[in-house]
Amino acid sequence: MSAAHLSCDVAVVGAGPAGLAAARAAAEAGARVVCLDAFATPGGQYAMQPTQAESPFAATAPVALGRAAARAAGEAGAQILCGAEVFWGACVPGGFCLSVNHAGRALAVEAKALVVAAGAMERPLPFPGWTLPGVIGAGAAQRLLKTGTGALPLPGKTVLAGSGPFLLAVAQSFAKAGQRLDHFVEMQRPLPADVAKVFARHPGKLAEAARLGLDLRRSGAARHVGHMVTRALGTDRLEAVEIAPLSASGQPVMGRAREIDGVGTLAIGYGFQPVIDLTTALDAAHDFHAALGGWHCRADADGRTTVAGLWAAGETLGIGGAVPAQLSGRIAGAGAARTLGFSAPDVTGATQALGNARAFASALAQLYPPPQGLPVALPEDELICRCEDVTAGDIATAIAEGAHESFAVKTWTRAGMGPCQGRICGAGIAAALAQAGVPADKASYNRAHLPLRPVPLPLVRAAMQAQTEMETRP
Amino acid sequence: MTTLPQSAEVIVVGGGIVGLSVALALAEAGAKPLLLEAKSFGGAVTGGSLAAIGTHMHGLAEYGVMAHACDLWRAFAERTGNPFEHTAQGQVGFILDAEGMESGEGWVAEERALGAPCRMLTPAGLAEVEPRLTGPVLGATFAPDTATVNPFLAARTVLAEARAAGAVALDHAPVAGLLVEAGRIAGVCMADGAEIRAGQVVLASGPWSQEISVSAGVCLPLVPRQAQCLAALRQPPGTIRRIVSAVESRGGVASGYTQIQQAGSGQILFNTVVDFIETPPEAKDTVREVPSGFVLTSIDTLATLFPSLAEIPLLRSWVRFEAVSPDARFLAGAVGPEGLWVCAGDNGSGYCRSLMLGRFLAGEIIGAALLPGALQADARALYAPQRFTQVAA
Ligand SMILES: Cc1cc2nc3c(=O)[nH]c(=O)nc-3n(C[C@H](O)[C@H](O)[C@H](O)COP(=O)(O)OP(=O)(O)OC[C@H]3O[C@@H](n4cnc5c(N)ncnc54)[C@H](O)[C@@H]3O)c2cc1C
Ligand SMILES: Cc1cc2nc3c(=O)[nH]c(=O)nc-3n(C[C@H](O)[C@H](O)[C@H](O)COP(=O)(O)OP(=O)(O)OC[C@H]3O[C@@H](n4cnc5c(N)ncnc54)[C@H](O)[C@@H]3O)c2cc1C
């Protein structure tokens, strides 16, 4: 097998709000742009396109936005490739070589500049019973609702739980899909005065917030604010969920715990974390900020990372939602094109709007601070890494014996060495380290290496052949 | 993490498998070692190792000490209940051409003469020993006693045993330089400026040993060499039964290198180096990615030998740095000012030797032979750092 070749000025990884905006801005400036996304259609997470025409989401604003953004980028001349998973990126003379699994065929994309807009992923924190079938991520629930016919496959009651404003968006999707949502369990209980302060400063957001509140009510769910899920119960699959109120110090009050029975689905999420595999592999600097979802790529106001020619946009730069994503995409796309000598449009307006959008996102994040440690103490035998069967006890022992960073926990226990490469257990390991008193900057993150996702050897070979040619050509 | 002590009897700089082994042997001999590791224990080349433990194709001069090194690993596994997956699965050296056949037959004849249980395999014999190795091989060498250990768990076990025997080991404690007073070692200076006094200091810091020794006016002839590996997704147990390696050409000519094995986790670990990769000295302080050419040769070799594995998914890759000496042998012994010792220069196969070197060097430091019989003297002759200073003189 040999790899297909594409050559361009600017390659964009990710076709979510950020990537599509970047592709459009760079293409409008006259750059040849290739935009790659692993999903089957452009749109990313927020603007995910339904697969069924009769989906109740077909006419929603995010879906329309995704369609419009993809059309605009295409009309500006950007080539958008879906079903294209970027599994490696390397610096080569004159730019970058991306190795792509394009629907099972190897593709090598050569680009003078690279914009990484890889978005966010769920931040699953382990709790007792979290591996029972029937327990899913809040983001996964959202995806099932949005992409399919709008139905969750499992019978029984549905509980949506966790922390963060995103939970409200998922509740809204339940309402939109006409799916029953029985219980809504939110850790935080922001003071009305603090909420009022945020919206006084960002009045434009009020309507959207009111709609989210209304839709939550419309979903008919019983609301348990200031509560958390302390256990998922069941033998072969989820049967019941235990919830408890939180004390002032944020600890669950187990004396007042109660069970919700007959549960078929528990959708749970403690916020999102930036996708930083490609930017860490390319050795860009990263910073930690809890309110931004933890480790995220460092960039200046134009989206320029610490690696020459490498730009970042959207939630790779920190969690903030679709509006900052779109704005930062436009800024980075224009910046990348301008640096290559194209006359990109002025983005001062976008830069100002981005500041404002980020301020709102960060105010919101402060109302709903994502938990950093483990939300509930775990029994010794609770699995944290499902790929390699590593338990909470194994990890606690390793930390006690001297594994004082994410990398060491991984090498000492194998947690994160399986097929998911830490995507599922990484947040749990970070939380276990935080729990043990290791500060985040010391705990650090595990840098990605070839390949970013498992890829059949013949594809790797074909792509590396292409990369070798780019590296060695005169 | 922990506050540093102000003094120690012996300081070991470096918490890879070699430093950990030195600390274990010192602690067991009653000295109270303090081990200082710059980052995480076993996080450098130790954690990136394929950790084969055997004597096959390691050169005849070291055969005696190597055989003992393997015995020490076996005994250590028995004593500790083997929490580190010590498994004697055997080693196959595949032969692709007439030249390889000559080398293989040479190794086997000479090692057998020294008492090794190795032998030659015909293609039919190989089919029984390694059924999935169906590539175009003319035959193979077979060393049934070569073992592997899990490199992370073995380092962890050595650390735990060293602590149980009285060693203090601290991670994230980088040493910046050596203290020399009146011509002898007085301790170490930490990166944060703190000083720890000690009469004896052991440099077991892999390719970093050379930079640290400079602060005591010593120049160790060690250079870093990049080494790397690929891991493919977990396959059923028994997919690859042995350690599969290229037969090394004899006479010290670098002839390419292959090692393929299935880890306890089921993952297939494989690497083939055809041309050694240029390694600038500062490279060892960075995280590097596998070179594309290395990926090509490694995949091609795996696919040639194991056609049924040609399309399995790649999962992971990593790069580490070994310490290379001019004659491909360790430097273990006293060096420079009195009280300074070195145990580095693994040349890519230090896992195997580590427990033996730890005992050898601990013996030299406390003035007792901890290796049996003539082996302490043999090791002294083999690994003496002075062999280079003498050549220079
Ligand atoms: C599961 C989930 C559900 C979400 N749902 C909502 C929601 O309903 N409402 C809301 O406001 N926010 C939601 N968010 C938050 C959302 O991420 C942002 O609002 C917004 O989508 C960010 O835009 P982005 O362009 O930065 O990233 P994304 O929209 O996430 O786009 C990133 C894109 O990059 C692609 N990508 C990443 N790595 C690679 C690679 N190596 N190769 C190829 N393609 C790659 C991904 O497939 C994805 O399409 C959700 C987040 C997640 C993780
Ligand atoms: C792919 C691969 C396969 C291999 N296969 C085998 C095999 O099959 N058999 C075998 O025997 N060997 C094998 N090896 C080699 C083996 O792993 C090494 O020889 C062995 O691990 C060397 O151990 P070490 O302790 O000397 O080095 P290291 O593990 O590098 O330890 C040195 C330590 O010193 C620390 N350090 C550095 N500077 C300082 C400082 N200033 N202060 C404090 N600490 C410091 C470092 O952080 C490091 O942890 C393989 C290696 C690789 C990469």
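Everything here concerns the structure above.
Residues numbered from 1 in each chain as written. Chains lettered and ligands numbered in written order. Predicted model: local features only at pLDDT ≥ 70, side-chain atom pairs only at ≥ 80, totals over all residues. Heavy atoms only, no water.

Asker: I'm lost on helix α14 (residues 457-472) of chain A in this one. Help?
Answerer: The α-helix winds at 3.6 residues per turn, so residues separated by three or four positions along the chain end up facing the same way. Its 16 residues give α14 of chain A an end-to-end C-alpha distance of 22 Å, which sits within 8% of 22 Å, the value for a rise of 1.5 Å per residue. Of the positions making up α14 of chain A, those classed as buried are L457, L459, V460, A462, A463, M464, A466, Q467, T468 and M470 of chain A. (Helix = DSSP H or I, 4+ residues; strand = E, 2+ residues; numbered from the N terminus. Expected span 1.5 Å × (residues − 1). Buried < 20%, exposed > 50% of the residue type's maximum accessible area, 1.4 Å probe, protein only.)

Asker: Any chance you could explain the packing of aromatic side chains here in plain terms?
Answerer: Each pair of aromatic rings is reported with the distance of its centres and the angle of its planes. Counted according to the given criterion, the structure contains nine aromatic pairs over all chains. Residues F199 of chain A and F360 of chain A carry aromatic rings whose centres are separated by 5.9 Å and whose planes lie at 65 degrees to one another, so their mutual orientation is edge-to-face. Residue F199 of chain A is found in helix α5 (residues 192-201), and its partner F360 of chain A is found in helix α9 (residues 348-367); the two are separated by 161 residues along the sequence. Across the pair, F360 of chain A and F199 of chain A agree in class, each one buried. In textbook terms, an aromatic cluster arises when at least three aromatic residues are bridged by ring pairs, as seen for W73, F76, F84 and Y351 of chain B. (Phe/Tyr/Trp six-rings, centres within 6.5 Å; stacked < 30°, edge-to-face > 60°.)

Asker: Any chance you could explain the pattern of salt bridges here in plain terms?
Answerer: Working definition: two side chains of opposite charge can pair if their charged atoms are close together. Counted according to the given criterion, the structure contains 31 salt bridges over all chains. With a closest N to O distance of 3.0 Å, R447 of chain A and D283 of chain A form a salt bridge. On the criterion of sequence distance, the pair formed by R447 of chain A in the loop between α13 (440-443) and β22 (455-456) and D283 of chain A in the loop between α7 (277-281) and β17 (286-289) is long-range, its members being 164 residues apart. Classification of R447 of chain A as buried rests on a relative accessible area of 14%. For E62 of chain B, the salt bridge is made with R353 of chain B, and the minimal N-O distance between the two is 2.8 Å. Separated by 291 residues along the polypeptide, E62 of chain B in the loop between β3 (52-53) and α2 (63-80) and R353 of chain B in helix α8 (residues 350-366) bring together distant segments of the chain. (Salt bridge = Lys/Arg side-chain N within 4 Å of Asp/Glu carboxyl O.)

Asker: Would you mind showing me how to read the site of ligand 2 here?
Answerer: All names here are of chain B. The immediate surroundings of ligand 2 are formed by 36 residues, with E37, T46, D346, G350 and C352 found nearest. For ligand 2, an oxygen atom lies 2.6 Å from a polar atom in the side chain of T46. Between ligand 2 and Y351 there is a distance of 3.0 Å, counted from an oxygen atom to a backbone nitrogen or oxygen. Within the complex, 96% of the 1,000 Å² of free accessible area of ligand 2 lies under protein. If you list the elements that add at least two residues to the shell around ligand 2, you get α1 (17-28), β12 (223-232) and α8. Partitioning the shell around ligand 2 into residue classes produces 19 nonpolar, 14 polar and three charged. In this structure, the shell around ligand 2 is formed jointly by two domains, domain 1 (10-47 + 152-222 + 327-391) and domain 2 (91-144 + 223-324), each of which donates at least three residues. (Near = heavy atom within 4 Å. Polar contact = N/O pair within 3.5 Å; in protein donor to acceptor, adjacent residues only side chain to side chain. Areas by Shrake-Rupley, 256 points an atom, 1.4 Å probe, with all protein chains shown as cover. Nonpolar A, V, L, I, M, F, W, Y, C, P; charged D, E, K, R; others polar. Domains from an automatic or database assignment.)

Limitation: the analysis is restricted to geometry and does not speak to function.
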